[in-house]
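Observations on the three-dimensional arrangement
These are the residues of each chain, in order.
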Amino acid sequence: MALLRFEYRLARLPLQLVENIAVSHLDEQEPVRLAYEQFLIDCDRAAAYLLDDENAAARAAALERQMAAVRLLIAREQHRTPHAKVIVLDRQRARFNERHRHDRGPDPT
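As the structure is a computational prediction, the values presented were derived from the model and not from experiment.

1. Observations concerning unusual backbone geometry
The phi torsion at Asp52 lies on the positive side, around 55°, for a residue other than glycine. Structurally, Asp52 can be placed in the loop between α2 (31-51) and α3 (54-104). Accessibility expressed as a relative area gives 57% for Asp52, which makes it exposed.

Rendered as structure tokens:
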């Protein structure tokens, strides 16, 4: 098992290099980055399970916590966007109604 864990660590070096050089420069919310990081989590989880590799389990858990925070941020932004659009539409509607009342003049009743 120790030899297999060592081989996994060697096999993971190029993946970590890609992460350090290319993927980490992408925005945290970029789909390519999220997919690559999920791939790393899956690899580390498999190594943790199959090879009983505590280091891989710790890496998977740390990356998963980081991704959970990013996903929460994405969800909050997606929730906030429709709410902001409704506020803008309400303001525009109020301005339209005000102008419409002003153009019609006083109410004859």
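2. Points about the pattern of salt bridges
Inspection of the entire model under this criterion finds 8 salt bridges. Close ionic contact of Arg101 with Glu98 constitutes a salt bridge, the shortest N to O distance being 3.6 Å. Within this pair, Arg101 and its partner Glu98 are both found in helix α3, separated by 3 residues, close to a single helical turn. For Glu98, a relative accessible area of 47% gives the class partly exposed. Taken together, the shared-partner salt bridges connect Arg12, Asp44 and Arg59 into one network.

3. Topic: the nonpolar core
Residues Val23, Leu34, Tyr36, Leu40, Ile41, Ala60, Leu63, Met67, Val70 and Ile74 constitute the largest nonpolar core, which totals 10 residues. Those elements that place two or more of their residues in this core are α2 and α3. When neighbours within four sequence positions are excluded, Val23 is seen to be in contact with Val18, Arg33 and Tyr36.

4. Considering a nonpolar patch on the surface
A cluster of nonpolar side chains, namely Leu3, Phe6, Leu10 and Leu13, defines an oily patch on the protein surface of about 420 Å² accessible area. As for its position among the elements, Phe6 is in helix α1 (residues 2-21). Overall, Phe6 belongs to the partly exposed group, its relative accessible area being 45%.

5. Some thoughts on the environment of His100
For His100, the location among the structural elements is in helix α3. Separated by 71 residues in the primary sequence, His100 and Gln29 have C-alpha atoms spaced 43 Å apart.

6. Structural notes on the packing of α1 against α2
Between two packed helices, what matters for the description is the angle formed by their axes and the separation of those axes. For the pair α1 and α2, interaxial distance at closest approach is 12 Å and the crossing angle is 175°. In this view, α1 runs roughly antiparallel relative to α2, as classed from their interaxial angle. In this structure, α1 contributes Leu4, Arg5, Tyr8, Arg12, Leu15, Val18 and Glu19 to the contact, and α2 contributes Tyr36, Glu37, Phe39, Leu40, Cys43, Asp44, Ala47 and Leu51. The residue makeup of the contact of α1 with α2, split by class, is 10 nonpolar, no polar and 5 charged.

Here is what the cut-offs are and how they apply
- Residues numbered from 1 in each chain as written.
- Predicted model: local features only at pLDDT ≥ 70, side-chain atom pairs only at ≥ 80, totals over all residues.
- Heavy atoms only, no water.
- Helix = DSSP H or I, 4+ residues; strand = E, 2+ residues; numbered from the N terminus.
- Buried < 20%, exposed > 50% of the residue type's maximum accessible area, 1.4 Å probe, protein only.
- Salt bridge = Lys/Arg side-chain N within 4 Å of Asp/Glu carboxyl O.
- Core = buried A, V, L, I, M, F, W, Y, C linked by side-chain atoms within 4.5 Å.
- Contact = heavy atoms within 4.5 Å.
- Patch = residues over 30% accessible without salt bridge, like charges linked within 9 Å, V, L, I, M, F, W, Y side chains within 5 Å.
- Areas by Shrake-Rupley, 256 points an atom, 1.4 Å probe, with all protein chains shown as cover.
- Axes fitted to C-alpha atoms, helices over the stretch in contact; angles between N-to-C directions.
- Parallel < 35°, antiparallel > 145°, perpendicular 65-115°, else oblique.
- Nonpolar A, V, L, I, M, F, W, Y, C, P; charged D, E, K, R; others polar.

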